[in-house]
Each structure stands twice: as C-alpha cells, then as structure tokens.
Amino acid sequence: MTIPHLFRCPISLDLLSDPVTLSTGQTYDRSSIQNWFAYGNLTCPVTMQNLPDPSLVPNHNLRHLIQQWRQLGPGHPFDPDYLTTIDPLLNMKQGLESPQATSQEKFQILQKIGSLMDETPSTIPFLLQIGLLPLLLQLLFGKSDPGFAEKLLPCILNLMSFGEFGCLNMLREESKMESFVVLFETGTAMIKQSLCHLVGAISVSSDTRELCGMIGKHHRFLHQLVGLIHQNSEALEDGIKAVSALCYLESNREELVQHGLINGLVTYILSSETKGRNSAATAMAAIEQVVGIKRGKEALINDPQGVKAVVKMVFRVSDHEGSESALNSLIMVCYESLQAGEKAIAAGVLTQLLLLLQSQCGCRIKAKATTLLKLLRSKRDDEQ
C-alpha cells in the first residue's frame with residue numbers, strides 16, 4: 001500500500017507508529033525525533049526553527065486515522081480527498097481539547113461545527129470518526145455553564161442521530177451523573193428538552209440498559225423530571241416522552257409511581273385538548289406500562305381523576321392513537337378492582353366503547369373493546 005504523505009515521518013519517511021507533535025506544529029515519529037534530539041539538535045527538522053520548548057505532544061487524532069487506514073487493507077485505495085475533508089475537522093477538535101483555548105474561542109468552534117452539520121450533513125460521519133461525540137459529552141458533563149451547554153447539546157443530538165449511544169455510559173461515573181442532574185435542575189427549557197432527548201436515547205438502546213436503570217433510581221432527577229410534567233413549560237412534551245421511555249424498563253416503573261407520575265400523566269391527558277397538547281397518546285402508553293405493577297394500579301384507581309382520564313382516551317374524534325393503551329389499562333385495573341369498573345362506567349366508558357366499535361378502528365382494537373365490555377358486564381353480574 002502507498003503510504004499517504006500525511007502518515008509518513010519526515011525524518012524516517014516510514015509510516016508513523018507513535019506520532020508526536022512539536023511546538024512548531026510538525027509531527028514526527030517519537031523514536032525518530034528523540035534520536036534527532038539525542039544527537040544534540042534543538043531544532044525542528046522540517047522548519048529548522050529553534051526549539052526553546054522541546055516537549056512532545058501525542059497526536060491521537062493522527063494515530064486514529066492511521067489505524068483506520070491500515071484496516072482498509074491493500075485492496076482499498078485510500079481516498080486523498082479524505083484528508084482534505086478531515087484535516088479542518090481535526091483542527092476544530094484540537095481547539096476544543098486545548099487547555100489554552102478560551103471559552104469564547106471554544107464557543108466559536110462549536111458555532112462552526114453546528115453550522116457545518118446543518119449545512120453539510122455528510123460531514124457528520126467524519127466527525128464521529130475523529131471521536132468528537134465523546135469529547136462533546138465530556139465537555140457537557142464537565143460542569144459546563146448553561147450558555148456553553150446550549151451550544152453543545154444541539155451538536156451532540158445531531159451526532160447521536162447516527163445511533164452512537166454507547167459513549168453515554170460515561171454517565172455511570174458519579175461525578176458526571178451529578179453534573180447531568182445539576183444541569184437538568186438549573187438549566188433553561190432548551191437544556192431540559194435536550195437532556196430529555198438524551199434520556200430517551202439511553203432508554204431505547206441495549207448498550208445503555210444499565211445506565212437507564214441507574215437514572216431510574218436517581219431520586220433527585222426523577223423528582224425534577226416528574227415535576228416537569230406538572231409544569232406548563234416548553235419542555236413539557238419532551239418530559240412526557242422521557243418518562244414514557246424510562247417506563248420501558250420495568251425496574252423504573254415503581255420509582256416513577258412513587259414520585260407521582262400517575263397524577264402528572266392524568267392531569268396532562270385531561271388538559272390535552274383544551275391546551276393543544278399533542279403527546280396524550282405517549283402519556284397513555286406510559287400509564288399502560290405502570291399499571292402493569294400493583295402500585296401503579298393502586299395509584300390510578302386512587303387518583304380522583306385517574307380512571308376518568310383513561311376512559312377519555314378510549315375514543316377520541318380526532319384519532320384512535322392511544323385507544324389500545326387505554327383499553328389495555330382499563331382491562332388490567334377493572335379485572336382486579338370492582339371500584340375501578342364502577343368509576344369507568346360512571347365516567348362514560350360504555351358510550352366510549354360503543355362509539356369506538358362503530359368507528360373505523362382496527363380489528364385488534366375492536367376485539368379489546370369487546371373484551372372490556374364483557375369484563376364490565378361480568379363484574380356487574382358478579383356484584384348482583
């Protein structure tokens with residue numbers, strides 16, 4: 001294989017095995033430049049500049065690129081345009097990594113990266129290849145201020161659209177989890193919305209299942225997240241989606257119910273039409289998940305408006321989204337509780353079921369509506 005010029009040591013002309021960079025910006029193989037110094041030379045071999053500071057900085061980005069190139073094998077010619085594309089991206093990454101860079105300089109780099117991803121989405125795979133996503137997450141959870149976090153999060157979510165969720169496991173470190181929670185507690189609505197998206201990604205990925213369980217046991221975070229559902233804020237819809245995603249893991253449901261999730265979801269559903277909210281079906285799906293546990297059933301039945309909210313979701317003129325979750329929830333609670341059945345009938349479930357059966361809903365939904373009707377009649381016959 002022909003070695004690309006960028007991957008050759010200027011001294012040995014061989015492939016760089018341990019690339020290090022001098023203060024002049026020139027990169028050499030460590031052994032070659034150390035031999036150069038050993039002969040008493042205190043200059044840069046390429047520029048011939050004097051080196052008051054002969055320190056060697058490992059060039060991890062170049063090492064990563066060389067490893068990728070070697071994996072291509074002799075049958076895959078290296079695209080020279082790749083280096084042209086990746087070089088400015090590496091420079092931006094190095095700027096974010098540099099301890100000498102000011103906050104303003106890093107802020108400007110993030111703006112450039114954000115614009116680049118919006119204008120040229122084809123660069124996103126290259127940004128992932130150079131390891132930008134873990135770096136941005138490190139910066140985000142390194143106690144960044146809200147202004148900096150607002151610039152970091154859109155870039156992170158853009159990169160995560162390619163399904164790179166494994167690096168989120170850094171949140172398993174206690175200090176980073178603490179930074180995550182503090183950011184959620186003190187951040188703006190935009191920050192809360194973005195962090196809710198991260199929670200959703202963590203909840204659906206098999207790579208982060210253990211982390212999902214850790215988040216589901218973090219009382220301060222759950223208190224904030226469930227509290228978000230009770231607030232009429234910009235982040236409300238995203239909060240609904242985040243709790244629904246967390247409910248996919250069974251061990252999280254108990255904790256969420258303890259933090260008042262049922263009441264928050266019920267309140268949201270009952271006000272969804274009057275306030276133009278569009279996540280009622282997602283909220284209903286979360287209720288369906290939590291009534292699968294005993295405490296969830298009890299919370300729904302004991303909530304003064306709980307059963308009424310679920311009955312409301314059985315049939316909606318606008319769509320049937322959420323109907324199946326509502327039917328499943330009512331079947332579960334009414335099967336075990338006569339009180340739940342009485343509340344459902346008082347809330348008008350019989351009318352809702354008849355309207356649903358006469359509508360254009362699917363066969364499966366109609367079958368479940370019929371099952372619920374038979375269950376309610378059976379319970380009433382038993383009572384008599």
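Just so we're clear, the structure is a prediction, and the values are computed from it rather than from any experiment. (Residues numbered from 1 in each chain as written. Predicted model: local features only at pLDDT ≥ 70, side-chain atom pairs only at ≥ 80, totals over all residues. Heavy atoms only, no water.)

Points about the overall build of the chain
Alright, step 1. Counting its regular elements, the chain contains 21 helices and 3 strands.
Alright, step 2. For the chain, whose C-alpha radius of gyration is 29 Å, the value lies well above the compact-globule estimate of 21 Å for 384 residues.
Alright, step 3. With the C-alpha coordinates aligned to their principal axes, the bounding extent of the chain is approximately 105 × 45 × 30 Å.
Alright, step 4. Counting over 384 residues, the chain shows a buried share of 47%.
Alright, step 5. A sequence separation of at least 24 residues applies to 64% of the contacts in the chain between residues at least 6 apart.
Alright, step 6. For the chain, the exposed area adds up to about 18900 Å²; of that, 51% sits on carbon and sulfur atoms.
Alright, step 7. One way to put it: in the chain the 33 positive side-chain charges average out to a point 6 Å from where the 38 negative ones average out. (Helix = DSSP H or I, 4+ residues; strand = E, 2+ residues; numbered from the N terminus. Rg over C-alpha atoms; globule rule 2.2 N^0.38 Å. Buried < 20%, exposed > 50% of the residue type's maximum accessible area, 1.4 Å probe, protein only. Contact = heavy atoms within 4.5 Å. Areas by Shrake-Rupley, 256 points an atom, 1.4 Å probe, with all protein chains shown as cover. Lys, Arg positive; Asp, Glu negative; His and termini not counted. Charge placed at Lys NZ, Arg CZ, Asp CG, Glu CD.)

Focus: the sheet that holds strand β2 (residues 27-29)
Alright, step 1. In spatial order, the strands read β2-β1-β3; together these 3 strands make up an open sheet with antiparallel pairing. Of all the strands in the sheet, the pair left with one neighbour each is β2 and β3 (57-58).
Alright, step 2. Relative to β2, strand β1 (residues 19-21) is paired through 3 bridges, and the arrangement is antiparallel. Residue pairing in the sheet places T21 in a bridge with T27 of β2.
Alright, step 3. Docked against the sheet, helix α1 (residues 30-38) engages β1, β2 and β3, running at close to 90 degrees with respect to β2. (Pairing = 2+ DSSP bridges. Axes fitted to C-alpha atoms, helices over the stretch in contact; angles between N-to-C directions.)

Quick word on the packing of aromatic side chains
Alright, step 1. Evaluation of the coordinates by the stated rule reveals 3 aromatic pairs.
Alright, step 2. Centroid distance F141 to F180: 6.0 Å. Interplanar angle 65 degrees. Geometry classified as edge-to-face. In this pair, F141 is assigned in the loop between α6 (132-140) and α7 (146-160) and F180 in helix α8 (residues 174-186), connecting sequence segments 39 residues apart. Neither residue differs from the other here; F141 and F180 are each classed as buried.
Alright, step 3. Taking the centre distance of 5.3 Å and the plane angle of 40 degrees together, the rings of F180 and F221 count as tilted. Of the two residues, F180 is situated in helix α8 and F221 in helix α11 (residues 219-230); the sequence distance between them amounts to 41 residues. (Phe/Tyr/Trp six-rings, centres within 6.5 Å; stacked < 30°, edge-to-face > 60°.)

As for the pattern of salt bridges
Alright, step 1. Tallied over the full model, the rule gives 11 salt bridges.
Alright, step 2. Residue E173 pairs with K176 through a salt bridge whose shortest N-O separation is 3.2 Å.
Alright, step 3. E173 gets classed as partly exposed once you look at its relative accessible area, which sits at 39%.
Alright, step 4. On the basis of relative accessibility, which here comes to 12%, the residue K176 falls in the buried class.
Alright, step 5. Each of D18, R30 and R63 takes part in a single network of salt bridges with overlapping partners. (Salt bridge = Lys/Arg side-chain N within 4 Å of Asp/Glu carboxyl O.)

Description of the packing of helix α12 (residues 236-246) against helix α15 (residues 280-290)
Alright, step 1. Following both chains from N to C, one finds α12 and α15 inclined at 25 degrees, their axes separated by 9 Å at the closest point. Here α15 runs roughly parallel to α12, going by the angle between their axes. The handedness of the crossing between α12 and α15 is left-handed. Counting all contacts with α12, which are made through I240, K241 and S244, the residues of α15 involved are T282, A283 and A286.
Alright, step 2. Tallied by class, the residues present in the contact of α12 with α15 amount to 3 nonpolar, 2 polar and 1 charged. (Parallel < 35°, antiparallel > 145°, perpendicular 65-115°, else oblique. Left-handed = near helix turned anticlockwise from the far one by under 90°. Nonpolar A, V, L, I, M, F, W, Y, C, P; charged D, E, K, R; others polar.)

A look at the packing of helix α13 (residues 250-258) against helix α16 (residues 294-302)
When two helices pack together, their arrangement is given by the angle between their axes and by how far apart the axes lie.
Alright, step 1. Two numbers describe how α13 lies on α16: the axes approach to 9 Å, and their chain directions differ by 30 degrees. Compared by their axis directions, α13 and α16 come out roughly parallel. α13 and α16 meet at a crossing whose hand is left-handed. Residues E254, V257 and Q258 of α13 touch α16, and the partners they reach there are R295, G296 and A299.
Alright, step 2. The class makeup of the residues in the contact of α13 with α16 is 2 nonpolar, 2 polar and 2 charged.

Quick look at the nonpolar core
Alright, step 1. Judged by nonpolar contacts, the single largest core of 117 residues is most densely connected at L136, F221, I287 and L330.
Alright, step 2. Here this core gets 8 residues from one element, more than from any other, and that element is α7.
Alright, step 3. Once you skip the residues sitting within four places of it in the chain, L136 turns out to touch L96, L110, L152, C155, I156 and L159. (Core = buried A, V, L, I, M, F, W, Y, C linked by side-chain atoms within 4.5 Å.)

Section: the side chain of D29
Alright, step 1. Here D29 lies in strand β2.
Alright, step 2. No salt bridge forms around the buried D29; measuring N to O, its nearest opposite-charge neighbour R63 is 7.7 Å away.
Alright, step 3. One polar contact links the side chain of D29 to the main-chain amide nitrogen of D18, over a distance of 2.9 Å.
Alright, step 4. Apart from residues lying up to four places away in sequence, D29 is in contact with C9, L15, L16, S17, D18 and V20. (Polar contact = N/O pair within 3.5 Å; in protein donor to acceptor, adjacent residues only side chain to side chain.)

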